Amino acid sequence: MEVNGIPNVRTCIAPLLEGVAVRMQDRLASWPQNNTDNAFVSTVQDIDILIVGAGPAGMEAALQAATFGASVLLVDENQRVGGQLIKQTHKFFGSKEEKAGTRGISIAKDLEDQLCDDRFKDKIDVLLDATVFGFYEDDTEDRYTFGVISRKEYKSRLIKVVCRSVIFTVGAMENMLLFPGNDLPGVYGAGAVQTLMNVYGVKPGERVLMVGAGNVGLIVGYQLLQAGIKVDRVVEAAPTIGGYHVHAAKLRRCSVPIYTRHSIKEVFGADCVKGAVVVELDDHWNPIQGSEEIVTCDTVCLAVGLTPSTRLLEQIGVDMALVPEAGGYIALHDERMQTSVPRVYVAGDSSGIEEASTAMIEGKIAGAMAAKQLGYQQEKAQTAYEGFLKELKRLRAGPFGAKPRDAKQRIQRLWRKRP
Amino acid sequence: MSDFENTGILSISDLVLPTNEQLEKGVAITECIQRIPCNPCVDSCPVHAISMKDINALPVVDYDACIACGRCVGVCPGLAIFVVKVQGDQALITLPYEFLPRPQKGESVSVLDRAGKTMGKGKIIRVKQQGRTSIITVSVEKKYAMDVRNIRV
Ligand SMILES: Cc1cc2nc3c(=O)[nH]c(=O)nc-3n(C[C@H](O)[C@H](O)[C@H](O)COP(=O)(O)OP(=O)(O)OC[C@H]3O[C@@H](n4cnc5c(N)ncnc54)[C@H](O)[C@@H]3O)c2cc1C
Ligand code: SF4
Ligand code: SF4
């Protein structure tokens, strides 16, 4: 969609302002023209590495790249850095190196402090409340051009960023489920519920039906209880609970039932959610007739997986492939996190849905390798890279690492098979 | 398939249980029975009573070495560690609690089992703060030593 003349805007998270002009976009974006609502000031910034997305992957990428001497512009459309981490009020898993036992929000703060450290003053520039909306072909050799719209102080400002290398750490988007009533106010994605509760301090409702017993559903379910909201139950279509047992146990000992082999059939209510119908599933995941049960609730929270964000990567024309274990279409990449287009990197959830711990390491890899490729401290960067690879392997070694491990193996295979 | 993967509730037989003598001394019990990539409990223990072969292995508590200090209880991101100490006809259960309001020392609270079922009342013996996690010690009838794992204020 096009908002106030800016193409490729995700309208669902764009601020709603008086007189805002929203248009369907039916073509590739062209460079935005001056328009009446916004005084555009075109600026050109020439830097080594543009990093799109300041979640755990992007922040670590910036820190690494700058450590080896590259100049970095880190852009995020949120008003603060941290990505998903700023919603995570729970303590994280992993090992000491990834700050296990620390709450996600504190990890974000810690990384933010590092970004602001004096030693990176001349190296890292952070641009918040700004969206990288498009890639533009340019004649300059060895350079890429991107369009960035900055919304600071309610005045949009257009920035043309010219960079030698780019790292996409843009995260993921939540999956939706199809059922009657899924467009009623009160049906949310788990990420939206977390943002309302933990970032804005707003209760999404009083009584919630949680759909999905993966880690996200279990953790958000528990955070709802902590916010004083009743969780009626968790339904999960699979025959077993997908998330960690320890997360499920926390909900269970607070008297929240978890129904495996159950799904949501429909949501009812005239203008907002009044309740939902849940149904039991048979061995072939088909609803069992007559097993319907009504759940009284004002909120339905969907925690049914994430899909990597890849739009800008597709626009650049990197080789993509469908890798279900990674959560959908992803940009093929090598172990250095470089895509099929030279000096275009990807890391974190955007390269395959996983964890913040692994996103951080992938970010470090991309940052170090992008800097190395541009000629900065090649030996040191290589040594660091080898260490990060080992750490990744260690984290993915267990049974819960099987899915990302399979995903990354398939990506490697597809990568080698490219023409 | 073990039942806990279906229900989210483990059974006593999933755990390595301490002896009666060890329970009287007081021990940490890690109710962490799935191979997940996590190990902060190992680093948190001042007497190195918790060990793990690699980050994805299960934590093993050396019940003889454990001094029941409760450090690990507040560190574990899974809120899966409990210290149990039997004292006469009472059991003192130390558990992590991340809800408000926090209970007060001496207060009587409902005590719950792993399914969230009320098992009666318990008395709050101690309330400690470790970061933003409250570490609560509650006293219950000895027969509930291996059942009570939550409180409701
Ligand atoms: C409920 C829940 C619980 C979790 N618990 C854990 C846990 O215990 N341990 C763990 O390791 N992981 C956990 N995770 C996973 C973890 O949060 C993610 O894997 C991690 O945040 C991914 O990092 P990222 O940097 O790839 O992406 P994100 O954190 O999603 O960051 C992406 C950033 O990119 C920005 N962005 C996107 N597009 C653009 C654009 N065009 N222009 C500018 N900016 C853009 C976004 O605003 C966002 O800030 C949890 C996730 C959820 C939802
Ligand atoms: S209670 Fe204290 S001594 Fe026992 S395992 Fe935990 S940290 Fe170690
Ligand atoms: S810290 Fe808790 S969840 Fe992590 S391994 Fe130890 S007992 Fe298990």
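These numbers were taken from a predicted model, which means no experiment stands behind them.

Draft legend 1. Summary view of the site of ligand 2. Taken together, Ala28, Cys45, Pro46, Val47, Ile50, Cys66, Ile67, Ala68, Cys69, Gly70, Arg71 and Cys72 of chain B make up all the residues around ligand 2. Here the residues of the shell around ligand 2 sort into 10 nonpolar, 1 polar and 1 charged.

Draft legend 2. Representation of the pattern of salt bridges within the structure. Residue and element names in this part refer to chain A. Taken as a whole, this structure holds 22 salt bridges over all chains when the rule is applied. Here arginine 23 ties to glutamate 2 by a salt bridge, and the two come within 3.7 Å at their closest N and O atoms. In this pair, arginine 23 is assigned in strand S2 (residues 22-23) and glutamate 2 in strand S1 (residues 2-3), connecting sequence segments 21 residues apart. Since its relative accessible area comes to 13%, glutamate 2 is described here as buried. Two residues, arginine 261 and aspartate 283, come together in a salt bridge whose shortest N-O distance is 2.9 Å. Remark: aspartate 283 occurs in the loop between strand S15 (275-280) and strand S16 (293-296) and arginine 261 occurs in the loop between strand S13 (258-260) and strand S14 (262-268); sequence separation between them is 22 residues.

Draft legend 3. Spatial organisation of the site of ligand 3. Around ligand 3 lies a shell formed by Phe93 of chain A together with Cys32, Cys38, Pro40, Cys41, Met52, Pro59, Cys76, Pro77 and Ile81 of chain B. The environment of ligand 3 is shared, with nearby residues belonging to chains A and B. Residues of the shell around ligand 3, tallied by class, amount to 10 nonpolar, no polar and no charged.

Draft legend 4. Spotlight on the interface of chain B and chain A. Facing the 41 residues of chain B at the interface are 33 residues of chain A. Buried surface at the junction of chain B and chain A, summed over both partners, amounts to about 3,000 Å²; 54% is from carbon and sulfur atoms. Where chain B packs against chain A, one counts 1 salt bridge. Across the contact surface, chain B and chain A share 20 residue pairs in polar contact (both at pLDDT 80 or more). Where the side of chain B that touches chain A is concerned, the elements lending two or more residues are helix H1 (4-7), helix H3 (40-44), helix H4 (71-75) and strand S9 (150-152) of chain B. Residue contributions to the side of chain B that touches chain A peak at 4 residues, all from H1 of chain B. Split into classes, the residues belonging to the side of chain B that touches chain A amount to 20 nonpolar, 11 polar and 10 charged.

Draft legend 5. Fine view of the sheet that holds S9 of chain B. Residues and elements named next belong to chain B. With antiparallel pairing, 7 strands are arranged side by side in an open sheet as S1-S4-S5-S8-S7-S6-S9. Since the sheet does not close on itself, it has two edges, and those belong to strand S1 (27-30) and S9, each with one partner. On average, adjacent strands in this sheet sit at an angle of 40 degrees to one another, irrespective of strand direction. Across 4 bridges, S1 lies against strand S4 (residues 81-87) in antiparallel orientation. Counterpart to isoleucine 29 in the pairing with S4 is phenylalanine 82.

Draft legend 6. Here's a closer look at the packing of aromatic side chains. One pass over the full model with this rule turns up 8 aromatic pairs over all chains. On the numbers, 5.5 Å between centres and 55 degrees between planes, the contact of phenylalanine 135 of chain A with phenylalanine 146 of chain A is tilted. Of this pair, phenylalanine 135 of chain A sits in strand S6 (residues 130-136) while phenylalanine 146 of chain A sits in strand S7 (residues 144-150), and the two are 11 residues apart along the sequence. Judged by relative accessible area, which is 15%, phenylalanine 135 of chain A ranks as buried. Look at phenylalanine 146 of chain A and you get buried, because its relative accessible area is 0%. By way of ring pairs, the aromatic residues Phe135, Tyr144, Phe146 and Phe168 of chain A are connected into one cluster. Over the ring of phenylalanine 82 of chain B we find arginine 149 of chain B; its NZ or CZ atom is 5.2 Å from the centre of that ring.

Draft legend 7. Looking closely at unusual backbone geometry. In this model, leucine 100 of chain B is joined to proline 101 of chain B through a cis peptide bond whose omega is -5 degrees. Mapping proline 101 of chain B onto the fold places it in the loop between strand S5 (90-97) and strand S6 (108-112). Although it is not a glycine, arginine 261 of chain A adopts a positive phi angle of roughly 55 degrees. A relative accessible area of 32% means that arginine 261 of chain A is categorised as partly exposed.

Draft legend 8. Just the domain arrangement of chain A, in detail. Residue and element names in this part refer to chain A. Segmenting chain A into domains produces domain 1 (2-173 + 307-416) and domain 2 (176-303). One C-alpha centre belongs to domain 1, the other to domain 2, and the line joining them spans 31 Å. Taken together, the contact between domain 1 and domain 2 spans 8 residues of the former and 12 residues of the latter. Surface buried jointly by domain 1 and domain 2 totals about 900 Å² across both partners, of which 59% is contributed by carbon and sulfur atoms. When residues of domain 1 are sorted by the area they lose upon contact with domain 2, Lys87, Phe93 and Phe400 head the list and together hold 56% of the total. Counting every contact that joins domain 1 to domain 2 gives 0 salt bridges. The residue inventory of the side of domain 1 that touches domain 2, partitioned by class, reads 3 nonpolar, 3 polar and 2 charged.

The rules behind the values
Residues numbered from 1 in each chain as written. Chains lettered and ligands numbered in written order. Predicted model: local features only at pLDDT ≥ 70, side-chain atom pairs only at ≥ 80, totals over all residues. Heavy atoms only, no water. Near = heavy atom within 4 Å. Nonpolar A, V, L, I, M, F, W, Y, C, P; charged D, E, K, R; others polar. Salt bridge = Lys/Arg side-chain N within 4 Å of Asp/Glu carboxyl O. Helix = DSSP H or I, 4+ residues; strand = E, 2+ residues; numbered from the N terminus. Buried < 20%, exposed > 50% of the residue type's maximum accessible area, 1.4 Å probe, protein only. Contact = heavy atoms within 4.5 Å. Buried area = accessible area lost by both parts, 1.4 Å probe. Polar contact = N/O pair within 3.5 Å; in protein donor to acceptor, adjacent residues only side chain to side chain. Pairing = 2+ DSSP bridges. Axes fitted to C-alpha atoms, helices over the stretch in contact; angles between N-to-C directions. Phe/Tyr/Trp six-rings, centres within 6.5 Å; stacked < 30°, edge-to-face > 60°. Lys NZ or Arg CZ within 6 Å of the ring centre and 35° of its normal. Domains from an automatic or database assignment.

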